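Structural characterization, general
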Amino acid sequence: MIIVWGRRNSMNVQKAMWTLGELDLAYQRHDVGGSFGAADSDAYRAMNPNGLVPTIEDGELVLWESNAIVRYLARTYGRDGLWPKPAQDQAQADQWMDWAISTFGPPFFNVFFHLIRLPPEKSDADLVSAGIRASARLLGLLDRHLQGRAFVCGDVLSAGDIPLGVMAYRYFNLDIDRPAAPNVEAWFERLQARPAYQKHVMIPFGRDHREWHELEQASAGVQ
Ligand SMILES: N[C@@H](CCC(=O)N[C@@H](CS)C(=O)NCC(=O)O)C(=O)O
């Protein structure tokens, strides 16, 4: 049984949860982070000195950093291509996972954070506009890559789709202008058809701690 520490509306926690769902692995999740606190406790920091979510435990292994968690789960329990066998395909999966957090993530995070998580009076409109432009430009690059491919590494979903897929749900559900990106849109449609994506990613954002706490009380027991 894999233990997951983290709140369900965190993008980084969702990468781990979606991967667990795709692999049909048994898990138990504990609410930590945001309004659920505890990420700053000594006990939690003994597992994850960053005081951030997610952290997973698998037997003796304690692991943090969401992309490392996705890779570990896909490598250890992967089947049907989640961690592809050819080294070249693994490298492609790595490439898109790293690109998601290092290149697409920072400008897009500004958009999401300033539109959803900050109160309007604290939101920086210039940062949001610049982030929207950069996100659209970068997704244009992904759009060209996805031409003729169902998923980022080819015909089947791989770890390479996971970080980008979690961000895509946010991108396509924000009230922003989006230039057409037909291949990204078709890929996003394919993700939305997956039960594990529906369960772990297609959930409300929770604008703030209070709203998310209320939403979680209404869905008590959802793992
Ligand atoms: N690089 C880390 C970043 C982790 C991170 O920033 N997690 C956020 C949630 S997405 C967090 O813990 N925020 C504080 C909190 O939820 O209390 C990873 O990918 O796991």
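Residues numbered from 1 in each chain as written. Predicted model: local features only at pLDDT ≥ 70, side-chain atom pairs only at ≥ 80, totals over all residues.

1. Notes on the nonpolar core
One broad trend across soluble globular proteins is that nonpolar side chains are buried collectively. Ala16, Val70, Ala159 and Met167 are the most contacted members of the largest nonpolar core, which totals 51 residues. For this core, the elements supplying multiple residues, two or more each, are β1 (2–5), α1 (11–23), α3 (66–77), α4 (87–117), α5 (125–146), α6 (162–172) and α7 (182–192). By residue number, the principal contributor to this core is α4, which donates nine residues. Structurally, this core is a two-domain feature, drawing no fewer than three residues from each of domain 1 (2–79) and domain 2 (87–192). Discounting residues that sit within four places of it in the chain, alanine 159 has contacts with Val70, Arg71, Ala74, Leu82, Trp83, Ala93 and Met97. (Core = buried A, V, L, I, M, F, W, Y, C linked by C-beta atoms within 7 Å. Buried ≥ 20, exposed ≤ 12 C-beta atoms within 10 Å, placed from the backbone. Helix = DSSP H or I, 4+ residues; strand = E, 2+ residues; numbered from the N terminus. Domains from an automatic or database assignment. Contact = placed C-beta atoms within 7 Å.)

2. Observations concerning the site of the ligand
Around the ligand sit Ser10, Met11, Asn12, Gly33, Gly34, Ala39, Leu52, Val53, Glu65 and Ser66, and that is every residue in its neighbourhood. In terms of residue class, the shell around the ligand is built from four nonpolar, five polar and one charged. (Near = placed C-beta within 6 Å. Nonpolar A, V, L, I, M, F, W, Y, C, P; charged D, E, K, R; others polar.)

3. Regarding the sheet that holds strand β3 (residues 55–58)
Pairing is mixed across the open sheet formed by four strands, whose spatial order is β2-β1-β3-β4. The strands lining the two open edges of the sheet, one partner per strand, are β2 (27–30) and β4 (61–64). Averaged over all adjacent pairs, the angle separating strand axes in this sheet is 20°, with direction ignored. Across four bridges, β1 lies against β2 in parallel orientation. If you follow isoleucine 2 over to β2, its bridge partner there is tyrosine 27. (Pairing = 2+ DSSP bridges. Axes fitted to C-alpha atoms, helices over the stretch in contact; angles between N-to-C directions.)

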